[in-house]
Amino acid sequence: MKLAALLLALGPSPALAAELPPDLAQAVAAYDRAQFDNNVATLARLVDDDYVLVNSNASVEDKRQFLADFHLPGFKIEPYTIEQPVRKVWGDGAVIGGLVNLRWTQDGKRQTRRLRVAYVWAKRDGRWLATYAQVTRVP
């Protein structure tokens, strides 16, 4: 089953979490809202053209395939919170991730999965873009 990527609700900041630059925090929050609202136009603006998503079933999607998930009839990701957040920020790059209890509806069926997620963001031409995401099932 195809699983759309999720990107990140900002959680509390433990020792492993770096403070996010305000413009990155805004981009991540906008990305989250766009996922929850199936706002493909906003997602398209926030995802780099060379975006790669590695799903929890080891399938790989590009930007076009990722955005297509949000056009599927009845597809809806429920809002979530990142547990055990990890935030690593350097110059024009960042890795943001953690543990997620993902709930979504697809093909009329409610799905649930516990996942460890990692997302790479890059600042290009003054804008933060999601460039890579990897989603791993937690046993």
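Below is a short write-up of the structure. Given the structure is predicted, the values throughout are model-derived calculations rather than measurements.

1. Focus: the packing of aromatic side chains
The geometry of an aromatic ring pair is captured by the separation of the ring centres together with the interplanar angle, meaning the angle of the planes.
Here's step 1: Evaluation of the coordinates by the stated rule reveals six aromatic pairs.
Here's step 2: Each ring, one from Y51 and one from F66, has its centre 5.2 Å from the other, and the planes form 45 degrees; the classification is tilted. With Y51 in strand β1 (residues 47–54) and F66 in helix α3 (residues 63–69), this residue pair connects regions lying 15 residues apart in the sequence.
Here's step 3: Overall, Y51 belongs to the buried group, its relative accessible area being 2%.

2. Quick notes on the side chain of T42
Here's step 1: For T42, the position within the fold is in helix α2 (residues 40–46).
Here's step 2: Dropping the residues within four chain positions of it, T42 is found in contact with A30 and A34.

3. With respect to helix α1 (residues 22–37)
Here's step 1: Between its first and last C-alpha atoms α1 spans 22 Å; for 16 residues at 1.5 Å apiece the expected length is 22 Å, and the two agree.
Here's step 2: Those residues of α1 lying buried are L24, A25, A27, V28, A30, Y31, D32, A34, Q35 and F36.
Here's step 3: Trailing α1 by a residue or two, N38 shows a phi angle of about 55 degrees, which is positive.

Scoring rules and cut-offs
- Residues numbered from 1 in each chain as written.
- Predicted model: local features only at pLDDT ≥ 70, side-chain atom pairs only at ≥ 80, totals over all residues.
- Heavy atoms only, no water.
- Phe/Tyr/Trp six-rings, centres within 6.5 Å; stacked < 30°, edge-to-face > 60°.
- Helix = DSSP H or I, 4+ residues; strand = E, 2+ residues; numbered from the N terminus.
- Buried < 20%, exposed > 50% of the residue type's maximum accessible area, 1.4 Å probe, protein only.
- Contact = heavy atoms within 4.5 Å.
- Expected span 1.5 Å × (residues − 1).

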